[in-house]
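Residues per chain are reported as follows:
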Amino acid sequence: MPAANAASPWYKHLWPWIIIAILACSVTLTLSMVTIAVNNPDNLVNDNYYEAGKGINRSLDRELLAQNLKMRANVHLDGVTGEVDLRLSGDSQPQTLELNLISPTQPEKDRKIVLTRSDSETGRYIGQLGDKVEGRRFVELLGSQDDHVWRMFEEELVSHDKDLLLGDEPLQGAEDLKK
């Protein structure tokens with residue numbers, strides 16, 4: 001194969017084609033990334049950060065109320081029947097509780113279970129879960145006492161036939177709110 005000399009046309013040289021290939025790859029990858037970004041918007045960004053900050057203070061007040069009421073919960077998810085069995089101890093025994101299993105990144109995997117108090121056993125609440133939930137979740141338990149809502153909120157690794165303990169971890173972020 002003869003070597004190209006300076007008098008030969010540009011398209012017979014190797015280096016212009018390498019530069020064109022690099023530029024073509026850059027344009028292709030950029031257009032691919034723009035297409036992915038447009039088709040998959042980021043839903044984790046909150047536009048109204050001020051309201052979200054006020055909501056954090058409200059939730060800390062609810063968590064502090066649960067701590068003052070000495071609330072503890074043991075949650076069992078039955079893998080076969082989908083039954084949620086919750087044992088609640090503390091100074092509050094509301095008629096119903098709301099259990100939220102919140103996925104940190106995928107809102108479509110969030111689950112809300114309404115638990116009703118058992119008439120036969122004190123502190124036992126029963127509900128039904130429609131499908132299997134496994135993996136890392138934020139577990140939120142909401143109840144009420146004297147027209148005030150209390151909340152227990154912890155990050156747990158959820159799996160069926162494994163008990164979750166709520167209220168066993170210290171309250172983070174509310175050190176200055178303790179009375």
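Residues numbered from 1 in each chain as written. Predicted model: local features only at pLDDT ≥ 70, side-chain atom pairs only at ≥ 80, totals over all residues. Heavy atoms only, no water.

## Examining the overall build of the protein
For the record, the criterion: Secondary structure follows DSSP: runs of H or I at least 4 residues long count as helices, runs of E at least 2 residues long count as strands, and numbering of each begins at the N terminus. Only protein chains enter the calculation, and the probe is 1.4 Å; a residue is then buried if its accessible area is under 20% of its type maximum, exposed if over 50%, and partly exposed in between. The contact definition used throughout considers only heavy atoms, calling two residues in contact when any of these lie within 4.5 Å. Surface accessibility follows the Shrake-Rupley procedure with a 1.4 Å probe radius. Residue values consider only the protein chains on display as shielding.
The secondary structure content of the protein amounts to two helices and eight strands. In sequence order, the secondary structure elements of the protein are arranged as α-α-β-β-β-β-β-β-β-β. In the protein, which comprises 179 residues, the share counted as buried stands at 28%. Once local pairs closer than 6 in sequence are excluded, the contacts in the protein between residues at least 24 apart make up 54%. Surface summary for the protein: the accessible area is close to 12,200 Å², and the carbon and sulfur share equals 57%.

## Observations concerning the sheet that holds strand β5 (residues 124–128)
Within a sheet, neighbouring strands are paired by backbone hydrogen bonds and run either parallel or antiparallel to one another. Quick reminder of the rule: When DSSP finds two or more bridges between two strands, those strands count as paired. Axis angles are defined between N-to-C directions and span 0 to 180 degrees, where every axis is a line fitted to C-alpha atoms and, for a helix, only to the segment in contact.
Read across the sheet, eight strands follow the order β7-β6-β3-β4-β5-β2-β1-β8 without closing on themselves; strand pairing throughout is antiparallel. Where the open sheet ends on each side, the last strands, each with one partner, are β7 (148–158) and β8 (163–166). Strand after strand, the sheet turns through a mean of 25° between neighbouring axes, direction not considered. In this structure, strand β4 (residues 111–117) lies alongside β5, joined through two bridges in antiparallel fashion. Within the sheet, the bridge partner assigned to R117 lies in β5 and is Y125.

## Here we look at a nonpolar patch on the surface
Just so we agree on the cut-off: Each patch is built from residues lacking any salt bridge and having more than 30% relative accessible area; the joining distance is 9 Å for like charges and 5 Å for nonpolar side chains (Val, Leu, Ile, Met, Phe, Trp, Tyr). What counts as a salt bridge is simple: a side-chain nitrogen of Lys or Arg found within 4 Å of a carboxyl oxygen of Asp or Glu.
A surface patch of nonpolar side chains, amounting to about 460 Å² of accessible area, comprises W10, Y11, W17 and I20. Mapped onto the elements, Y11 comes out in the segment before α1 (14–39). Residue Y11 is classed as partly exposed on the basis of its relative accessible area, which comes to 46%.

## Re the UniProt feature "transmembrane region" (unreviewed entry) in the protein
Note the cut-off: UniProt positions are given in the numbering used here, feature names are shortened, and annotations may be inferred rather than shown by experiment.
Mapped onto this numbering, the UniProt entry annotates "transmembrane region" (unreviewed entry) at residues 14–38. In the segment residues 14–38, helix accounts for 100% and strand for 0%; the C-alpha atoms at its two ends are 37 Å apart.

## Re the pairing of strand β3 (residues 96–102)
Alignment of β3 against β4, held across six bridges, turns out to be antiparallel. Paired with L101 across the bridge in β4 is R111. Sheet topology places β3 next to strand β6 (residues 135–145); five bridges connect them, and they run antiparallel. By the bridge assignment, L99 is partnered in β6 with L141.

## As for the packing of aromatic side chains
The test is simple: The rule is short: rings of Phe, Tyr and Trp, with Trp giving its six-membered ring, pair when the centres are within 6.5 Å, and they are stacked under 30 degrees, edge-to-face over 60, tilted in between. Counting as a charge over the ring demands two things of the Lys NZ or Arg CZ atom: a distance within 6 Å of the ring centre and an angle within 35 degrees of the ring normal.
On inspection of all chains with the given rule, the structure shows three aromatic pairs. A centroid spacing of 5.6 Å and a plane angle of 20° characterise the contact between F138 and F153, whose relative ring orientation is stacked. Remark: F153 occurs in strand β7 and F138 occurs in strand β6; sequence separation between them is 15 residues. On the basis of relative accessible area, F138 is assigned to the partly exposed category, the value being 22%. Note on F153: relative accessible area 30%, which makes it partly exposed. Each member of the aromatic cluster is reached from another via a ring pair, and the members are W10, Y11 and W17. Directly above the aromatic system of F153 lies the positively charged group of R151, at a separation of 4.1 Å from the ring centroid.

## Structural notes on the nonpolar core
For clarity, the cut-off: For our purposes a nonpolar core is just a set of buried Ala, Val, Leu, Ile, Met, Phe, Trp, Tyr and Cys residues, chained together by side-chain atoms within 4.5 Å.
With 24 residues, the main nonpolar core has L86, L88, L99, L115, L141, W150 and M152 as its most contacted residues. Among the secondary structure elements, those contributing two or more residues to this core are β1 (72–77), β2 (83–89), β3, β4, β6, β7 and β8. Ignoring any residue separated from it by four or fewer positions in sequence, one finds L99 in contact with V75, V84, R111, K112, I113, L115, V139, E140 and L141.

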